[in-house]
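# Examining the three-dimensional arrangement
Now for the letters of each chain:
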Amino acid sequence: MNRFSLGSVVAGLAIIFGFTGCGSYNRLVTLEQNANKKWADVQSVYQRRADLIPNLVNTVSGAANFEKSTLTEVTNARASVGRVQLDPNKAPTDAAQLQQFQAAQGQLSSALSRLLVVSENYPQLRATEAFQNLQAQLEGTENRISVERNNYNTAVQDLNTALETFPTNMLNKMFGFKPRAFFQSQSGAEKAPSVNFNFGNSPAPSPAASP
Amino acid sequence: MSAVCAHAAEIIPPKPAGYFNDYAGVVSKSAAVRFNEQLAQFERETSDQVVVALFPKMESESSLDDYAQRIAQAWQVGQKDRRNGVVVLVFVQDHKMSIQVGYGLEGALPDVTAFDIRTRHIQPHFRNGDYEGGLAEGIDLVCKAIRGEYTGLGKTDREKRGNAAGGAGLLGFLIFMIVLLMFIRIGRRRGGFAYSGFGGPYVGGWSSGSGWSSGTSGGGFSGFSGGGGSFGGGGSSGSW
């Protein structure tokens with residue numbers, strides 16, 4: 001009888017530890033999946049913007065003597081975005097790589113906004129429905145980019161925090177989980193405000209700027 | 001595109017009590033009740049949640065788009081699995097408004113349509129100070145665009161939740177009636193007690209340090225409760 005109870009205690013402990021380990025492992029996997037999913041969302045909104053550009057260029061270059069330099073700038077920026085490709089299914093672990101990606105996308109953002117500013121000088125172009133539609137889509141896409149980037153940063157923050165805290169940090173080494181890189185906020189517009197006075201419902205929390 | 005801004009304090013207003021909420025006081029009470037009932041009925045028929053809120057001004061230094069998205073997300077308008085919410089926000093003194101479209105309705109109400117509704121149908125009325133007219137047209141068009149995407153359950157989210165607690169509610173009511181009857185009896189016995197009646201259902205507006213105060217209230221008011229929807233920045237925002 002004694003033998004049995006000792007055995008069952010040991011077995012019980014092993015099971016308990018096993019379960020906590022599995023639970024933590026599963027939690028890390030879930031967090032990692034979530035970060036990957038959010039990264040895929042980020043990629044898809046950037047892709048959506050890239051897809052709009054040929055249409056935009058066509059519409060704008062149709063306008064009488066439209067300033068060509070801004071158009072070239074947009075085309076070039078789009079091309080350089082194409083050169084910095086990151087795996088769309090895996091959240092990046094390399095901060096430098098992500099920064100490069102972000103810089104290329106940022107260049108495209110500013111080329112596009114310059115183009116929209118220049119277009120102010122072409123009232124006839126702006127009055128066309130095609131241009132207005134494109135502008136609405138572009139603005140919507142920029143908003144989506146900012147939202148998805150925030151969501152991604154939040155997911156990365158959750159994962160990275162779990163990787164650094166007990167007990168999940170033990171598994172970190174065993175199974176080779178890696179922390180993921182954050183988007184840096186470049187202009188204030190990209191990030192959530194630091195103070196959020198919200199009566200209990202939490203919107204996208206402001207992620208830390210640096211990991 | 002996104003405006004440059006300093007990150008500063010901002011106030012995300014808490015979930016509103018109704019589907020139509022005029023915290024700015026620019027719409028007549030009868031119209032507000034009508035809009036509210038129209039939108040509640042729309043949720044019963046389609047499960048889509050459309051919430052309209054008018055505020056005096058923006059309580060944020062972020063860009064309009066960012067702020068509006070955060071509000072829509074915080075209110076969780078739309079059903080959780082369908083993500084079928086639309087939030088129309090108007091900041092009267094700023095002459096700014098935004099239509100935020102939940103993920104699940106981006107196909108039925110794309111940015112271009114939201115832009116069209118905002119700039120060609122709502123804002124022309126707003127420029128003439130006709131808020132009711134603009135909102136009536138805007139609400140109709142938004143509902144028209146998204147109708148057919150999902151089918152409703154005949155109940156609003158709040159009515160569904162109310163049902164779960166229906167038994168307890170009935171019991172509470174019975175106890176309340178018994179206590180009331182006892183009081184009336186005691187009052188009669190003493191001769192001096194007069195029952196003065198109680199007001200209609202209180203529809204909670206809210207007030208905070210910012211000075212916004214409640215707008216809509218009324219009898220038979222259909223309350224709103226967010227179903228857990230989420231927003232990704234779709235829609236259209238701008239000034240008039």
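Treat the numbers as computed from the prediction; the structure is a model and nothing was measured.

Procedures and definitions
Residues numbered from 1 in each chain as written. Chains lettered and ligands numbered in written order. Predicted model: local features only at pLDDT ≥ 70, side-chain atom pairs only at ≥ 80, totals over all residues. Heavy atoms only, no water. Helix = DSSP H or I, 4+ residues; strand = E, 2+ residues; numbered from the N terminus. Buried < 20%, exposed > 50% of the residue type's maximum accessible area, 1.4 Å probe, protein only. Contact = heavy atoms within 4.5 Å. Areas by Shrake-Rupley, 256 points an atom, 1.4 Å probe, with all protein chains shown as cover. pLDDT = per-residue confidence, 0-100. Salt bridge = Lys/Arg side-chain N within 4 Å of Asp/Glu carboxyl O. Expected span 1.5 Å × (residues − 1). Polar contact = N/O pair within 3.5 Å; in protein donor to acceptor, adjacent residues only side chain to side chain. Right-handed = clockwise from strand over helix to strand, strands pointing away. Pairing = 2+ DSSP bridges. Arc of directions from axis to C-beta.

Across its full length, chain A holds six helices and one strand. Tracing chain A from N to C terminus, the helices and strands come up as α-α-α-α-α-α-β. Within chain A, buried positions represent 42% of all 211 residues. Of the contacts formed within chain A by residues at least 6 apart in sequence, a portion of 79% connects residues at least 24 apart. Element-wise, carbon and sulfur atoms account for 57% of the exposed surface of chain A, whose accessible area totals about 11200 Å².

What follows covers unusual backbone geometry. Positive phi, normally seen in glycine, also occurs at Ser 47 of chain B, with a value near 70 degrees. With respect to the helices and strands, Ser 47 of chain B occurs in the loop between helix 1 (29-46) and strand 3 (49-55).

Residues and elements named next belong to chain B. Mean pLDDT for chain B: 80, with 75% of residues reaching 70 or above. Mean pLDDT per element in chain B: helix 6 (residues 166-190) is the minimum at 63, and strand 4 (residues 85-91) is the maximum at 96. Here residues 191-219 is modelled with pLDDT under 50, and outside its nearest four sequence neighbours on either side it reaches 43 contacts, counting other chains as well. This complex was scored by the predictor with a pTM of 0.73 and an ipTM of 0.70.

Let's shift gears to the pattern of salt bridges. All names here are of chain B. Inspection of the entire model under this criterion finds 13 salt bridges over all chains. Glu 37 is the salt-bridge partner of Arg 44, the closest N and O atoms lying 3.3 Å from each other. Overall, the relative accessible area of 30% leaves Glu 37 in the partly exposed class. In this structure, Asp 116 and Arg 120 form a salt bridge, with 2.4 Å as the shortest nitrogen-oxygen distance. Pair noted here: Asp 116 and Arg 120 are both in helix 3 (residues 111-127), with a separation of four residues, about one helical turn. Note on Asp 116: relative accessible area 24%, which makes it partly exposed. Since its relative accessible area comes to 35%, Arg 120 is described here as partly exposed.

Within the element layout of this structure, Asn 153 of chain A appears in helix 5 (residues 129-164). According to the relative accessible area criterion, Asn 153 of chain A is buried, its value standing at 6%.

Moving on: helix 4 (residues 131-146) of chain B. Residues and elements named next belong to chain B. Helix length check: helix 4, at 16 residues, gives a terminal C-alpha distance of 22 Å against a target of 22 Å (1.5 Å per residue), a fit within 8%. The complete set of buried residues in helix 4 reads Tyr 131, Gly 133, Gly 134, Leu 135, Gly 138, Ile 139, Val 142, Cys 143 and Ile 146. Looking at the buried side of helix 4, the elements it contacts are strand 2 (20-22), helix 1, strand 3, strand 4 and helix 3. With a side-chain oxygen positioned 2.9 Å from the backbone nitrogen of Gly 133, the residue opening helix 4 is Asp 130. Taken from the residues just after helix 4, Gly 148 is the one with a positive phi, measuring 100 degrees.

It is worth spelling out the pairing of strand 4 of chain B at this point. Residue and element names in this part refer to chain B. Where burial is concerned, most of strand 4 is hidden: seven out of the seven residues are buried. Residues Gly 85, Val 87, Leu 89 and Phe 91 line one face of strand 4 and the alternating positions Val 86, Val 88 and Val 90 line the opposite face, and both faces are buried. Following the backbone out of strand 3, through helix 2 (residues 64-75) and into the adjacent parallel strand 4, one traces a crossover that is right-handed.

With that settled, the discussion passes to the pairing of strand 3 of chain B. Residue and element names in this part refer to chain B. Most of strand 3 sits out of view: seven of its seven residues are buried. Both faces of strand 3 are covered, namely the face carrying Gln 49, Val 51, Ala 53 and Phe 55 and the face carrying Val 50, Val 52 and Leu 54. Two strands pair when backbone bridges link them, and strand 3 and strand 4 are joined in this way by seven bridges, in the parallel orientation. Bridge assignment links Phe 55 to a residue of strand 4, and that residue is Phe 91.

Quick look at helix 6 (residues 168-175) of chain A now. All names here are of chain A. The set of residues buried in helix 6 consists of Thr 168, Leu 171 and Asn 172. The arc that holds every buried residue of helix 6, seen down its axis, measures 120 degrees, which confines them to one face. Turned more than 90 degrees away from the buried face of helix 6, the exposed residues are Met 170, Lys 173 and Met 174. Where helix 6 ends, the next residue or the one after it, Gly 176, has phi of about 70 degrees, a positive value.

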